[in-house]
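Breakdown of the fold
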Amino acid sequence: MRTQPLPWESVPDPKYLACEAQRKGWVNAGGWILVVVLLAAGIMTRWKIALVFGVLYALALVMVKSVAVTRRGLEIFHDMRVTTNYEHWAWNTIDTLTYEPDPKNAAQTIVYFTRGDRTKRFAFANADAEALLRMAKEQNPGVKVYDGSKTREKLRQSQRK
């Protein structure tokens, strides 16, 4: 399905791959129903823009998102069949990492990467998340690392006072 290699395949290890976020069945079904409705509306009504939105929404549904953390930083690759997009956050541009256990999956840890006012959220296997946080401190000693559950608990206690 993928026509070109991922940008981080040539980078030496370690590479930590994010766990794929799976959509629920009703979300996929509802998305495809919306695509059909938009395409039908674009064909049968005078609002042809619905046809464009239907095609774009279909491309979003078939898009494959791959995420890896390497020695270069956070790397995100989107493959939408007709085009691709590669986003790279170098370690020296990442300000903060916040981690917390995934409440829906005990085998995963959620890691939030913050750069300026942008934050990206990805889930990693527990062992990978621990190694990723160590690598972050090695690559960028100035990066701030927070335990999200402890910080949230401190906020709750300060609000009770």
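One can find the structure itself at the top, above this paragraph.
Residues numbered from 1 in each chain as written. Predicted model: local features only at pLDDT ≥ 70, side-chain atom pairs only at ≥ 80, totals over all residues. Heavy atoms only, no water.

**Points about helix 3 (residues 126-139)**
Residues three or four positions apart in an α-helix share a direction because the helix packs 3.6 residues into each turn. Stated precisely, the cut-off is as follows: Each helix corresponds to a stretch of at least 4 residues labelled H or I by DSSP, and each strand to a stretch of at least 2 residues labelled E; elements are numbered beginning at the N terminus. The span you would expect from a helix comes to 1.5 Å times its residue count less one. For the exposure calls, accessible area comes from a 1.4 Å probe over protein chains only, and a residue counts as buried if that area is under 20% of its type's maximum, exposed if over 50%, partly exposed in between. Contacts: residue pairs with any heavy atoms within 4.5 Å of one another.
With 14 residues, helix 3 should cover 20 Å at 1.5 Å per step; its first-to-last C-alpha distance of 20 Å lies within 8% of that length. Along helix 3, the residues that are buried comprise Ala129, Ala131, Leu132, Leu133, Met135 and Ala136. Packed against the buried residues of helix 3 are strand 1 (16-17), strand 2 (64-70), strand 5 (96-101), strand 6 (108-115), strand 7 (118-125) and strand 8 (144-147).

**Quick look at the sheet that holds strand 7**
Here is the rule we go by: In this analysis, strands are considered paired if DSSP registers two or more bridges between them. Lines fitted to C-alpha atoms define the axes here, with helix axes fitted over just the stretch in contact, and angles between the N-to-C directions of these axes take values from 0 to 180 degrees.
Pairing is mixed across the open sheet formed by four strands, whose spatial order is 7-6-5-8. Two strands close off the open sheet at either side, each with one partner strand: strand 7 and strand 8. Sheet twist, expressed as the mean angle between neighbouring strand axes with direction ignored, is 20 degrees. Where strand 5 lies against strand 6, six bridges are found, and the strand directions are antiparallel. When the bridges of strand 6 are listed, Glu100 appears paired with Ile110. Taken strand by strand, helix 3 contacts strand 5, strand 6, strand 7 and strand 8, and its axis lies near 130 degrees from that of strand 7. Against the sheet, helix 4 (residues 148-160) contacts strand 5 and strand 8, and its axis sits at roughly 90 degrees relative to strand 5.

**So, the packing of aromatic side chains**
To keep it simple, the criterion reads: Side-chain rings of Phe, Tyr and Trp, where Trp is taken by its six-membered ring, are said to pair if the distance between their centres is within 6.5 Å; with planes under 30 degrees apart they count as stacked, over 60 as edge-to-face, and otherwise as tilted.
Counted according to the given criterion, the structure contains two aromatic pairs. A ring pair is formed by Phe113 and Phe122, whose centres lie 6.3 Å apart and whose planes are at 55 degrees; its orientation type is tilted. In this structure, Phe113 and Phe122 share a single accessibility class: buried. Pairing Phe113 with Phe124 gives two aromatic rings, centres 6.3 Å apart and planes at 65 degrees, and the pair type is edge-to-face. Remark: Phe124 occurs in strand 7 and Phe113 occurs in strand 6; sequence separation between them is 11 residues. Exposure remark for Phe113: the relative accessible area of 0% places this residue in the buried category. Put simply, the rings of Phe113, Phe122 and Phe124 pair up and form one aromatic cluster.

**Some points on a nonpolar patch on the surface**
The condition that has to hold: Exposure above 30% relative accessible area and the lack of any salt bridge qualify a residue for a patch; like charges then connect within 9 Å, and the nonpolar side chains Val, Leu, Ile, Met, Phe, Trp and Tyr within 5 Å. To be clear on the numbers: accessible area is Shrake-Rupley with a 1.4 Å probe, and residue cover counts the displayed protein chains and nothing else. The salt bridge definition used is simple: a Lys or Arg side-chain nitrogen within 4 Å of an Asp or Glu carboxyl oxygen.
A grouping of Trp47, Ile49, Val52, Phe53 and Leu56 is seen on the molecular surface, where their side chains present a nonpolar patch of about 530 Å² in accessible area. By the element assignment, Phe53 lies in helix 2 (residues 49-62). For Phe53, a relative accessible area of 48% gives the class partly exposed.

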